[in-house]
Amino acid sequence: MQNKGLVKLFAILFGLVSIYQLSFTFKANQIERNANEMAINKISDTVPDYRALRSAEESDYLESIANDTVFNIGIAKFTYNEVKEKAMNLGLDLKGGINVILQVSVKDILKGLANESKNPVFNKALDDASQMQKNSQNTYLEDFFTAFDKIKGDTRLASPDIFYTKALDGEIDGSMTDDEVKQVIQKKIDESIVSAFEVLRKRIDEFGVTSPNIQRLGTSGRILVELPGVKDVERATKLLQSTAQLEFWDAYKGEQFFSFLAQANEVLKKTVKKSTENQEVKSNDQEDATDSKIDELLGDTTTDSTAVEVNPLFDLIKGQGYQGGPVIAKFDVKDKQKVLDYLNSPQVRELLPAEERYVKFAFGKPEKDGELVDLYALKGNRDGIPELSGSVVTDARNAFGPSGKPEVSMQMNSKGAKIWEEMTGRAFNQGTQIAIVLDNVVYSAPGVTTGPIAGGSSSISGNFTLNEAVDLANVLRAGKLPARADIISSEVVGPSLGQEAIHSGKVSFMIALALVLIWMIVYYGKAGGFADIAMMLNILLIFGILSGLGAVLTLPGIAGIVLTIGMSVDANVIIYERIREEIAKGKALKEAIKDGFSNALSSILDANITTGLTALILFIFGTGPIKGFATTLLIGIGTSLFTAIFITRLLIDWYVDKGGKLEFSTALTKNLFRNLNIEFLKKRKVAYIVSGAFLVISLGSLFTEGLDQGVDFVGGRTYQVRFDQDVNATEITSVLRDVFGSADAKTFGDANQLKITTKYKVNETSSEVDEEIRVDLYKTLQPYLDGLTYDEFISDADTKTVGLMKSYKVSPTIADDIQKASFWAILGSLIVVFLYILLRFKKWQFSLGAVLAVFHDVFIVLGVFSLTYKFLPFSMEIDQAFIAAILTVIGYSLNDTVIVFDRVREYLAEHTSWDFEKTVNISLSSTLGRTLNTSSTTLVVLLAIFIFGGDSIRGFMFALIVGIVVGTYSSLFIATPLMYDTLTREDKKRKKN
C-alpha cells in the first residue's frame, strides 16, 4: 500500500480530533450529574413540590457556573457554556423536551391578502372551507378554492374587494381568471408560511435550545417543532402559538431616563423585600462598582462608600448606552423580566412625567456571544398601538449598502409610505431613532441621516452579518401577514424516558459490540483482531464526527450506529474472503494480501455506494428521528470504508513485514465454504413458487387485515394524567395495551405525570365514545390513583393536582405528509439505485433483478407485519421509525445483491469459455461465505438490540431482522435468477432474429 505515512497521519489526527470532541461530552455529563446530585442532597423528597425545587436548584447552579472555567486541557481552558456548546447533542427521545406540530392559519393569511375583505361570498367560502377541513385530507387552501367555486356565481377572485388590492397590485389585475389568481395566491401562501417558519425559528433561538429541529410538513401550513431539553412547556407553547407582531415605534433618547431610573431605584428600595438572612455584605470593590454606575448615569452623585445598601434596579445594571442613542442601560439576559416588572409596576410608572406616561419599555436582542441586552424606551400612546405596523411592509430583502456591508431594504404600501415619511422626518429633525420591534423585541433602532424618506422604500443598516441581514429581512416579511399558529399535536417527553433510552442503548451497544469482536477473532484469528482494532477506531470516529458536526443523536441514531457496526464487518469480510481465495490459488502471503485488497475494492465500493444512496434519500425525505438514523448511517459508511480499506491494511502489512504469519482463518473455519459449487439456478423455480406464495399471502393480508397504523397515520386521543406518586411509563403502557390494544405512555415533565396516546376507536368521534374511553382509562389506571373517584379524576377544578389534567384529539391530517414523504423516499431511492447499477453493470437486467428483489423484500416485510401484529407481544405499529426500517432493508438488500452481481461481472470477464449458467452458479457459491458471514453478524447485532434495547425501537428492530433474512434470501434466489432469466431470454430473441 502506498502513502502509508499519510494514512497513519490521517488516522492519528482523526482519532485525536474525535477524542477532543468527545471529551466535552464527558465533561458536560459529569458537571450535570454533579449538579443533579447536589440538588437531590439539598432538597429532600419530603419537601412539598420537591421536583420543581430540585429542577430550579439544578438550573440555578448551572447558570451560576455558566462563565466559570470548568475544563482545562492544558493548551486551552473552557467555560461551562463553551463545554456545553461543544458537547454531543441529544435528541428529543434521549434528552426529553417538547415535540409540537403547529398549523399556521391559512385562513388568516387569506384574510390578510384580501385586506380583511367584507365580501360575503369570500367570507362564506372561508367558513365553508373551515367546515370541510374537519373531514378532509386536502389543504385548507384547496378546500377554500373548492368552496369558492361552488358559490361564487359572478364573483371573481380578482375582484377589487377580494384579491385585486393595492398590496397585490402588479401580481394580480382585474382581468385575470380565477385559475390565474389561484396560482398567485398559492405562491403568496407559500411565501407567508416560509416567513412564519422563520419567525418560529427566531423565537426558538430565544430558548437557547441545543439543536432544535423545525421543519415544514408538506405544503399544508403545518410545521414540526422539536425542542430537546425544554422544561418550561407552558412558555414554549405560548411562545410558539402567539401571533408575530411587527411594529415601528419612535424611540426616546436613553439619557432622558437616567434621573427616572434613580427615582425608581429609591422607590423600589422601600417596596422590594430582601431576606436579611441570606444577604451578604458587599465588598468595597462591589460598592465602588455600584457607585460608579450611578455616577456614570447621574453625574455628581455622592454616596457613602462605607454604607451597606441594596439598590434593586442599579444593582442589575451592567452597562449603559452611548450619548444621544436610544439605549438606556444594559442588563443581564436573565434579569430582563425582573427589570420590566420593576419599571412597569404602578408605583414606579407614577414617577414618569405627563409627556412620558405612555412610554413602552422593551429589550433588544442579546449581544452576539454575550449575556447582555439593551433596554429601550419607546414613545407609546394611550391605546398602546404603534404608529406603523408590519402590515404595511410589502417586501423586504437583504442587500449590500454602498460600503459593501449587509443591510435590509424594505418596501411599504402607499399608506405605510406616508406614515414612514412622517416618522423619518421627525427622527431626522430630533436626532432620534426608530425602533423596529418584533414580538416586543427591538431588532434594530436605526437613525435617519438623510432627511425624511419618501416613497416607502428604505434601507436598514447596522452592524449586520450577512445571515443577520437575511434573518431580519425574513422577520420583516413575516410581519406583513401575521397569522396565528394552532397546536394540532404535541408530545412532551420527560427526562426519565431519556435515561431509560440511554441505558438500554448502552446495554445493547456493548453486547452487540462484544459479540461482533469475538466472532471476528473466532472466524479469522489474528486477522480478525486487526479488523476489531479498525472497528474500534471506526466507532470512535463515528461519535467524534457526530459531535464535531453538531449532529443530534437520537434513539434511532443509536440503532443506526449499532447497525453500522454490523455492516462495517462486511467490508473486512469481503477483503478477508478474497485474500483466502488468493491464498487457495497458491499465492504468497504478501501477494495474496495485495491482490485480495485490490480485488475486493470494487465490490466494497459498489455495495456501500448503493447503501449510501438509500441513506441519502432517507436523509432528504425523512423527518427528525429518521434524519438522525440516516445521518449516523451515512457517517458510518464513510468511516467504515476508511478503517476497513486503509487501517486494516496498515495493520496487516505492519504485522506481515515484521515476519508475522496470518492464516485469515482458524481451525474451525479453515475449510468452511471452500470449493462450493451449488447449482442455485436449478432451484429458482422452487424459489419463485415459494416467494410467489409468500407474496400472495402478504398482499392478501395487506388488503384484508391491513397494517397496524400508528397515531401518525390515523390520529388519536391524547390524555395528560398526573399521579400522586412516581409511575413507570413502560409498565403503564403494558397495562393500557391490554385494554386499548394500541396505547403509548410517555413521561411528561416529572416522573408522576404521563402523556397517554391511543388510537382506540379513533374513527368514532361522538361525545359518548369520548366518555367511554375516559371511563376505561380511569378503570385501567385506578390501581395507580390512590382512591381517586371518577368525578375527581375528570374534574376541571383549578386547584386540581392529580387526575386527568388535559385531553385533546391528535389530528390525522399529518398522515398524508408522512405517506407522501415515504412514497417519494422509496421511489427516489429505487430510481437512483436502478440508474447506478445500470451505470456500473451496463445491462438493464442487473438493475431490474435488484429492484424487483427489493419490491419482493418490502412486500414480504409488510406482509409479516400485517399477519403478526395482532398477537406478537410488542408494538408493531407503523410509524416514522418503520419507514426508516423499510428503507434500511432496501439498502441492505441492494448491498447483498450488488456483491453477487459484482462477482458475476468479474467472472464473465475472466472466464469467457464458461456458459452463463455456470458463471452465475459459481459466482453465487463463491460469495456464499461472505453473504452468510455478514448476514449472521448483522443479525446478531440486531438481535442484541431487539432483546436488550428499549421498547420504543423493538418493532423497528423486528422489521430490520425480517428484512435482513428476506434480503439475504432474495439476493441468492430472486435477484440473481431474475437477472439470469431476463438476460438469457433476450439472448434467445437476439439469436432468433
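Starting afresh in each chain, residues are numbered from 1 along the sequence in its written order. Local features in a predicted model are, by the rule used here, given only for residues with pLDDT of at least 70; side-chain atom pairs are given and counted only at 80 or more, and totals for whole chains, interfaces and linings are based on all residues. In computing side-chain values, all of the structure's heavy atoms are included and hydrogens and water are not.

Chemist: A description of the overall build of the chain should follow, citing residues and the corresponding values.
Modeler: By the criteria applied, helices consist of DSSP H or I runs no shorter than four residues and strands consist of E runs no shorter than two, each listed in order from the N terminus. A tally of helices and strands in the chain yields 31 helices and 23 strands. For the chain, buried positions account for 53% of its 993 residues. Any two residues whose heavy atoms approach within 4.5 Å at even a single point are treated as in contact. At a minimum sequence separation of 6, the contacts of the chain that also span at least 24 residues come to 72%. Carbon and sulfur atoms form 55% of the exposed surface of the chain, whose accessible area is close to 45600 Å². When a residue's accessible area, from a 1.4 Å probe over protein chains only, is under 20% of the maximum for its type it is buried; when over 50% it is exposed; and in between it is partly exposed. Methods summary: accessible areas were calculated by the Shrake-Rupley approach with a probe of 1.4 Å, and residue burial reflects only the protein chains presented.

Chemist: How would you explain the nonpolar core if you had to name every residue and give the values?
Modeler: In plain words, nonpolar cores are sets of buried Ala, Val, Leu, Ile, Met, Phe, Trp, Tyr and Cys residues tied together by side-chain atoms within 4.5 Å. Core analysis: the biggest nonpolar cluster contains 116 residues, and Tyr576 and Ile652 have the highest contact counts within it. Top contributing element to this core by residue count: helix H31 (residues 954–992), with 16 residues. Membership of the second largest hydrophobic core comes to 41 residues, among which are Leu102, Phe144, Ile193 and Phe197.

Chemist: An account of unusual backbone geometry is needed here, citing residue identities and associated values.
Modeler: Most peptide bonds are trans, and most residues other than glycine sit at a negative phi. For Asn115, which is not glycine, the phi dihedral falls at a positive 55°. Mapped onto the fold, Asn115 is located in the loop between helix H5 (106–113) and helix H6 (120–132).

Chemist: Can you tell me about the packing of aromatic side chains, naming the residues and giving the values?
Modeler: Here the aromatic set is Phe, Tyr and Trp, taking the six-membered ring for Trp, and pairing holds for ring centres within 6.5 Å; pairs whose planes are under 30 degrees apart are stacked, those over 60 apart are edge-to-face, and all others are tilted. Going through the model one piece at a time under the given rule, you end up with 34 aromatic pairs. Ring geometry for Phe14 and Phe642: centres 5.8 Å apart, planes at 70°, overall edge-to-face. Of this pair, Phe14 sits in helix H1 (residues 4–42) while Phe642 sits in helix H20 (residues 624–657), placing them 628 residues apart in sequence. The exposure class of Phe642 is buried, given its relative accessible area of 16%. Two limits define a charge over a ring: the Lys NZ or Arg CZ must be within 6 Å of the ring centre, and within 35 degrees of the ring normal. Sitting over the ring of Phe597, Arg649 keeps its end group 5.0 Å from the ring centre. A cation sits over an aromatic face here: Arg905 above Phe841, 4.4 Å from the ring centre.

Chemist: Tell me about the environment of Ser105, residues and numbers included.
Modeler: For Ser105, the position within the fold is in the loop between strand E4 (97–104) and H5. Ser105 sits 35 residues away from Tyr140 along the chain, and the two C-alpha atoms are 8.8 Å apart. Counting of polar contacts relies on pairs of N or O atoms within 3.5 Å, with two restrictions inside protein: one atom must be capable of donating a hydrogen and the other of accepting it, and residues adjacent in sequence are counted only when both atoms are side-chain atoms. Of the polar contacts made by the side chain of Ser105, one reaches the backbone nitrogen of Asp108; its length is 3.1 Å.

Chemist: Quick one: what's the story with the pattern of salt bridges, residue by residue and with numbers?
Modeler: What makes a salt bridge here is a side-chain nitrogen of Lys or Arg within 4 Å of a carboxyl oxygen of Asp or Glu, nothing more. Scanning the entire structure with this criterion turns up 38 salt bridges. For Arg903, the salt bridge goes to Glu906, with nearest N and O atoms at 3.8 Å. With Arg903 and Glu906 both in helix H28 (residues 880–910) and three residues apart, the pair spans about one turn of that helix. Each member of the pair, Arg903 together with Glu906, is buried.

Chemist: Run through the confidence of the model for the chain, naming residues and quoting values.
Modeler: With 83% of its residues at a pLDDT of at least 70, the chain reaches an overall mean of 80. Confidence of the predictor at the level of single residues is given by pLDDT, which spans 0 to 100. At the low end of the mean pLDDT range in the chain sits helix H11 (residues 284–298), at 48; at the high end sits helix H21 (residues 684–704), at 94. Contacts for the low-pLDDT stretch residues 274–287, under 50 throughout, to residues beyond four places or in other chains number 13 contacts. Scored below 50 in pLDDT, residues 297–308 makes 20 contacts in the model with residues more than four places away or belonging to other chains.

Chemist: Any chance you could break down H5 for me, citing the residues and the numbers?
Modeler: Those residues of H5 that sit buried are Val106, Lys107, Ile109, Leu110 and Leu113. Down the axis of H5, the sector holding all buried residues measures 160°, keeping them to one side. Along the arc lie the directions from the helix axis toward the C-beta atoms.

Chemist: Describe the side chain of Ser701, with residues and values.
Modeler: Considering the arrangement of structural elements, one finds Ser701 in helix H21. What makes Ser701 buried here is its relative accessible area of 5%. Other than its neighbours up to four places away in sequence, Ser701 contacts Gly706, Ser866 and Leu867.

Chemist: Lay out the packing of helix H23 (residues 729–740) against helix H24 (residues 767–781) in plain terms, naming residues and giving numbers.
Modeler: Relative to each other, H23 and H24 sit at 135°, their axes nearing to 10 Å. Relative to H24, the element H23 is oriented oblique. Read as a crossing pair, H23 and H24 show a hand that is right-handed. Side by side, H23 and H24 meet where Ile732, Val735, Leu736, Val739 and Phe740 of the first sit next to Ile773, Asp776, Leu777, Thr780 and Leu781 of the second. Residue polarity is assigned by list, with Asp, Glu, Lys and Arg as charged and Ala, Val, Leu, Ile, Met, Phe, Trp, Tyr, Cys and Pro as nonpolar; anything else, Gly included, falls into the polar class. In terms of residue class, the contact of H23 with H24 is built from eight nonpolar, one polar and one charged. The axes are straight lines fitted to the C-alpha atoms, using for helices just the contacting stretch, and the angles between their N-to-C directions are given from 0 to 180°. Convention used here: angles under 35 degrees read as roughly parallel, angles over 145 as roughly antiparallel, angles from 65 to 115 as roughly perpendicular, and any remaining angle as oblique. It is the rotation of the near helix from the far one that decides the hand of a crossing: anticlockwise by less than a right angle makes it left-handed, clockwise makes it right-handed.

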